[in-house]
Amino acid sequence: MILRGIRFGSVHQASGVTNFDGNGWWYHHPLRPFGLNFRGSTFVAKTTTLEARAGNMPLKKDGKTPKEWIPKSIIVKRKDRVALNAVSLSGPGLEFIIEQGWWQNQLRPFLVSVMSLEKTAEDRLYELKAIFEQLTAAYRYEKFLADWGVQVNLSCPNGGLDPHSLAEEALPVLNLADKTLSANIPVMLKFGPEVHPESMLKIGRHPRLDAICVFNTMPFGKQAQWTERTSPIDWKRLFGTDDPQKSPMAKRFPGFAGGLSGAPLLPLLIEWLERARKANFLKPICGGGGILCPEDAEKVSHAGADAVFLGSIAFLAPRQVRKTIRHGNVHFGTANGLFRPREHVLD
């Protein structure tokens, strides 16, 4: 996937799967020799908000280490190949991250993921403006070793916002990026499985959109209303209920039903990609959701994705991570972006 002349590679990480800095989480290190190794994939930082946010996964003062050994905001059911999370964008805030130099020291092209969780559309755009301005300032005055782009999260179900409403803000966000974000920084928008594939056509014509990313997690108890052939998610079999107020996550964190990742999203993703391409959506697509082995990544590619991203595979099928990355890079016919110090340009 090449965006604005930057080679981002064929296999990306889901935002946050290797933390804010790309070094992973504590359980990655002992399992790395057994296949839980994201080398060869494109780093996508954990989604950050403008200001620090406690969320439901408390972090230590370093801004990246969970205080809980096993975070209560994540439920993993390996037998069913699903996970439910309500992390709710816990993080130290954009300024803190930039000050740490985690992104400046990346050696390969990567993506920064950002989001606003303000209550109104107007306030969300106002906060995104501040985020874009801060990123542009960092791009101009900080010394980055690699090129990078911005992934704008318009779909997180754990911030108390309606993903449908967020998707409707795509065009205003792109207009804002066109005015406030450096023209050299690619923009990728990330959507959830609720959005209709044909709703992307108008968004895809915007000149500031470089690519889209699908899917984020599915809000608990919800179904994709656009599907014509994929079986609905069997919430009752997986969790004993389809009522968001009674979800196992809501019992831990009232008001947070959680978002589903894992195997049930894969058939939805494949159908979505096929329909988007059939409707003549032409911009690059990074597809992910339920990819748990090399064969899954290949199916997503055949359905119309230009690149794939891996997330829940890290805890649902960790032995498959390295294999899937290798297979994905070979299958797409491109290697991950090689180290190339970028020219430091004031634009």
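Look up: the structure comes first, before these words.
Quantities reported herein were computed from a predicted structural model and do not represent experimental measurements.

**Student:** What is the right way to read helix H3 (residues 121–141) from this model?
**Tutor:** Three- or four-residue spacings in an α-helix give side chains the same orientation, since the helix completes a turn every 3.6 residues. Across its 21 residues, H3 extends 30 Å between first and last C-alpha, which sits within 8% of the 30 Å expected from 1.5 Å per residue. Regarding H3, the residues found buried are Arg124, Glu127, Leu128, Ile131, Phe132, Leu135, Thr136, Ala138 and Tyr139.

**Student:** Please clarify how the sheet that holds strand E11 (residues 259–262) should be interpreted in this entry.
**Tutor:** Strand pairing within a sheet occurs via backbone hydrogen bonds; the two strands may be parallel or antiparallel. Spatially, the four strands line up as an open sheet ordered E4-E5-E11-E10, and their pairing is antiparallel. Looking along the sheet, the strands with just one partner apiece sit at the ends: strand E4 (74–77) and strand E10 (218–219).

**Student:** How should I be thinking about the packing of helix H9 (residues 265–278) against helix H10 (residues 294–303) in this particular structure?
**Tutor:** Axis angle and axis distance: for two packed helices, these are the angle between their axes and the distance between the axes, and together they describe the pair. Where H9 contacts H10, the two axes come as close as 8 Å, and the packing angle between them is 20°. Overall, the two elements H9 and H10 adopt an arrangement that is roughly parallel. Seen from above, H9 lies across H10 with right-handed handedness. Contact residues: H9 offers Leu266, Leu269, Ile270, Leu273, Glu274 and Arg277, while H10 offers Asp296, Lys299, Val300 and Ala303. In the contact of H9 with H10, the residues fall into six nonpolar, no polar and four charged.

**Student:** How do you make sense of H9 when you look at a structure like this?
**Tutor:** Helix length check: H9 (14 residues) gives 20 Å between terminal C-alpha atoms against 20 Å at 1.5 Å per residue, within 8%. When you tally the buried positions in H9, you get ten out of 14 residues, the bulk of the element. Considered for burial, the residues of H9 that qualify are Leu265, Leu266, Leu268, Leu269, Ile270, Glu271, Trp272, Leu273, Arg275 and Ala276. Where H9 is buried, its residues meet helix H6 (200–204), strand E9 (211–214), E10, E11, strand E12 (285–287) and H10. Once H9 finishes, Asn280 follows within two positions and takes phi at roughly 75°, a positive value.

**Student:** Looking at this model, I keep getting lost on the side chain of Thr324. Mind explaining?
**Tutor:** Tracing the backbone through its elements, the reader meets Thr324 in helix H12 (residues 321–332). Take Thr324: its relative accessible area is 1%, and that puts it in the buried class. The contacts of Thr324, once residues within four sequence positions are left out, are Ile291, Cys293, Pro294, Ala297, Leu310 and Ile313.

**Student:** Explain a nonpolar patch on the surface here, please?
**Tutor:** A contiguous nonpolar surface patch, about 410 Å² in accessible area, is contributed by Trp26, Trp69 and Ile70. Position of Trp26 among the secondary structure elements: in the loop between strand E3 (11–13) and helix H1 (28–31). The exposure class assigned to Trp26 is partly exposed, which follows from its relative accessible area of 39%.

What counts and how
- Residue positions are counted from 1 within each chain, in the order its sequence is given.
- Local features are withheld for residues below a pLDDT of 70 in this predicted model, meaning they are given only at 70 or higher, and side-chain atom pairs are given and counted only at 80 or more; totals for whole chains, interfaces and linings count all residues.
- No hydrogens and no water enter the side-chain calculation; it runs on all heavy atoms of the structure.
- Under the DSSP-based scheme used, a helix requires at least four consecutive residues in state H or I and a strand at least two consecutive residues in state E, with every element numbered from the N terminus.
- The span you would expect from a helix comes to 1.5 Å times its residue count less one.
- A simple rule labels every residue: compare its accessible area, found with a 1.4 Å probe on the protein chains alone, to the largest value its type can have, and call it buried under 20%, exposed over 50%, or partly exposed in between.
- Strand pairing is assigned whenever DSSP detects at least two bridges linking the two strands.
- Note on geometry: axes are lines fitted to C-alpha atoms, helical ones only across the stretch in contact, with angles between N-to-C directions running from 0 to 180 degrees.
- Geometric relationships in this document are graded by angle, where less than 35 degrees denotes roughly parallel, more than 145 denotes roughly antiparallel, 65 to 115 denotes roughly perpendicular, and other angles denote oblique.
- Crossings are sorted by hand: turned counterclockwise from the far helix by less than a right angle, the near helix makes the crossing left-handed, and turned clockwise it makes it right-handed.
- Throughout, a contact is declared for two residues whenever any of their heavy atoms are within 4.5 Å.
- Charged residues are taken to be Asp, Glu, Lys and Arg, nonpolar residues to be Ala, Val, Leu, Ile, Met, Phe, Trp, Tyr, Cys and Pro, and polar residues to be all remaining types, Gly included.
- Patch criteria: residues need more than 30% relative accessible area and no salt bridge. Like-charged residues are merged within 9 Å; nonpolar side chains of Val, Leu, Ile, Met, Phe, Trp and Tyr are merged within 5 Å.
- For every accessible area listed, the method is Shrake-Rupley and the probe measures 1.4 Å; residues are considered covered only by the protein chains on display.
- A pair is scored as a salt bridge if a Lys or Arg side-chain nitrogen falls within 4 Å of a carboxyl oxygen belonging to Asp or Glu.

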